[in-house]
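Per-entry structural report
The residues making up each chain are set out below.
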Amino acid sequence: MASKVDWYYRRSGCTTCKKMDAFLEEHSIVPKETSSANKERRGPEAAFELVETVSKVIAARGKSVVEFKTKGADEELLKKHLLGPTGNLRSPIVRKGKTLYVGFNNEAFAESLVK
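Residues numbered from 1 in each chain as written. Predicted model: local features only at pLDDT ≥ 70, side-chain atom pairs only at ≥ 80, totals over all residues. Heavy atoms only, no water.

**Remarks on the overall build of the protein chain**
In terms of helices and strands, the protein chain carries 4 helices and 8 strands. If you list the helices and strands of the protein chain from N to C, you get β-β-α-β-β-α-β-β-α-β-β-α. For 115 residues, the compact-globule estimate of 2.2 N^0.38 gives 13 Å, and the C-alpha radius of gyration of the protein chain, at 13 Å, lies within 12% of that figure. Along the three orthogonal principal directions, the C-alpha set of the protein chain runs to about 35 × 30 × 25 Å. When each of the 115 residues of the protein chain is scored for burial, the buried share is 42%. In the protein chain, once contacts between residues fewer than 6 apart in sequence are set aside, the share between residues at least 24 apart is 68%. If the 21 positive side-chain charges of the protein chain are averaged to one point and the 15 negative ones to another, these points end up 2 Å apart. (Helix = DSSP H or I, 4+ residues; strand = E, 2+ residues; numbered from the N terminus. Rg over C-alpha atoms; globule rule 2.2 N^0.38 Å. Buried < 20%, exposed > 50% of the residue type's maximum accessible area, 1.4 Å probe, protein only. Contact = heavy atoms within 4.5 Å. Lys, Arg positive; Asp, Glu negative; His and termini not counted. Charge placed at Lys NZ, Arg CZ, Asp CG, Glu CD.)

This is the structure we're talking about:
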């Protein structure tokens, strides 16, 4: 049986999103809802609304992976890991339960996203 994630935010043409697509397919993970970052630009306000729905963020940028609790998290820390250079929400993002996965790192995400 396929595993499910609550929400998947991706950008077409994005190399990192293609890696996340392959990862989800490889592990038979199906998103309940998918949003296109190309069509739905989400700024800082939307990012903070999203953070209010989760308790933990696992953010990957290159080989660097940061995991932190959202309760009491510094606003600048959240911005740094959730927003891209344009000020919009980074992609890909996957929400599974109370955890938000930002960017992509195969090893870090395999440990908790596949469970």
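**Looking at the pairing of strand β6 (residues 64-69)**
With 6 bridges connecting them, strand β5 (residues 56-61) and β6 associate as antiparallel partners. The residue of β6 that forms the bridge with valine 57 is phenylalanine 68. (Pairing = 2+ DSSP bridges.)

**Things to note about helix α4 (residues 106-113)**
Burial in α4 covers these residues: Ala108, Phe109 and Leu113. Buried residues of α4, seen end-on, are gathered within an arc of 95° and therefore sit on one face of the element. Every exposed residue of α4 that faces more than 90 degrees away from the buried side is listed here: Glu107 and Glu111. (Arc of directions from axis to C-beta.)

**Brief notes about the nonpolar core**
Ranked by internal contacts, the top residues of the largest apolar core, which has 17 residues, are Leu82, Leu89, Ile93, Leu100 and Val102. Of all the elements in the fold, those that place two or more residues in this core are β2 (7-10), α2 (44-51), β5, α3 (75-82) and β8 (99-102). The greatest single-element share of this core, amounting to 3 residues, is contributed by α2. Apart from residues lying up to four places away in sequence, leucine 82 is in contact with Ala47, Val51, Asn88, Leu89, Arg90, Leu100 and Val102. Grouped together as the second largest cluster of nonpolar side chains are 16 residues, Met20, Leu24, Ala60 and Val94 included. (Core = buried A, V, L, I, M, F, W, Y, C linked by side-chain atoms within 4.5 Å.)

Taken by themselves, the reported measurements are silent on function.
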